[in-house]
Amino acid sequence: GAAFHSARWDHRAPLDGSRIGVVGTGSTAVQIVSALADRASKLSLFQRTAQWVLPAFDADYGESSKAILRRFPSLARLLHHGYAAYFDGVLGGGFGTERRLFFAAFETLAERHLATVRDPELRRKLTPDYRLGCKRFILSDRFYEAIQEPRSELVTEGIERVEAGGVRTRDGRLHELDVLVLATG
């Protein structure tokens, strides 16, 4: 089947009803899993390292909000500057000791988000072995929901090799795939 890197997406690859494998657990992989979990007949996410995933709190702007922002462009600019200042102030300063309260709030938010994973074994596999802030965290509202879909599988066994039929993990298991997406940075 099709095999490609996420940076060179093969738009001809059949996705609907396919057995899809995604290698990687960074932001791109999380976006791909979130988008394809309900389209694939089987989705296998090959994870080397669990990541902290925080909710993104993404919301669609309704038509009335869009109309107001079009009517008052200065309000749109003010919102933009407010968001920019917030993200620069919150994320730009990192997680140094002077930011303990901020760090504790984000850590609690990440843990609560992870707690939405109902299966304790899956939650254990998705729990990073490092504290929030030691690596770049991921923002996603849908990832934990998507990886819990009945057709989704989290594979934590290391990859031995890629072969014609799919991905073989170190435990000898062949994960049969129609499409393999490498979301490896």
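What counts, and at which threshold
- Residues numbered from 1 in each chain as written.
- Predicted model: local features only at pLDDT ≥ 70, side-chain atom pairs only at ≥ 80, totals over all residues.
- Heavy atoms only, no water.
- Helix = DSSP H or I, 4+ residues; strand = E, 2+ residues; numbered from the N terminus.
- Buried < 20%, exposed > 50% of the residue type's maximum accessible area, 1.4 Å probe, protein only.
- Contact = heavy atoms within 4.5 Å.
- Pairing = 2+ DSSP bridges.
- Axes fitted to C-alpha atoms, helices over the stretch in contact; angles between N-to-C directions.
- Right-handed = clockwise from strand over helix to strand, strands pointing away.

Draft legend 1. Inspection of the side chain of His 113 at higher detail. Here His 113 shows up in helix α4 (residues 100–114). Relative accessible area serves as the criterion here: at 11%, His 113 is assigned to the buried category. Excluding residues within four positions of it along the chain, His 113 makes contact with Val 53, Leu 54, Pro 55, Ser 140, Asp 141 and Tyr 144.

Draft legend 2. Spotlight on the environment of Leu 132. Within the element layout of this structure, Leu 132 appears in the loop between α5 (120–126) and β5 (138–139). Judged by its relative accessible area of 2%, Leu 132 falls in the buried class. For the pair Leu 132 and Leu 45, spaced 87 residues apart in the sequence, the C-alpha separation amounts to 22 Å. When sequence neighbours within four positions are dropped, the list of residues in contact with Leu 132 reads Trp 52, Leu 54, Phe 103, Phe 106, Glu 107, Ala 110 and Phe 137.

Draft legend 3. Looking closely at the sheet that holds strand β3 (residues 42–46). Strand order in this open sheet of five strands is β1-β10-β2-β3-β6, and the pairing throughout is parallel. One side of each edge strand has no neighbouring strand; the edge strands of this open sheet are β1 (2–5) and β6 (152–155). Between one strand axis and the next, the sheet turns through 15 degrees on average, direction left out of account. Where β3 meets β6, four bridges bridge the pair, whose relative direction is parallel. Bridge pairing in β6 links Phe 46 to Val 155.

Draft legend 4. Summary view of the pairing of strand β2 (residues 19–23). Of all the five residues making up β2, four are buried; the element is thus mostly covered by neighbouring parts of the structure. Two elements, β2 and β3, share five bridges in a ladder whose sense is parallel. Its bridge partner being in β3, Val 22 is matched across the sheet by Leu 45. After leaving β2, the chain enters helix α1 (residues 27–36) and then returns to the sheet as β3, a path that is right-handed. Where β2 meets strand β10 (residues 179–182), four bridges bridge the pair, whose relative direction is parallel. The residue bridging Val 23 from the neighbouring strand is Leu 182, located in β10.

Draft legend 5. Summary view of the pairing of strand β7 (residues 159–163). Pairing between β7 and strand β8 (residues 166–169): four bridges, direction antiparallel. When the sheet's bridge partners are listed, Val 162 is paired in β8 with Val 167. Hairpin geometry of β7 and β8 is characterised by an intervening segment of two residues between the two adjacent antiparallel strands.

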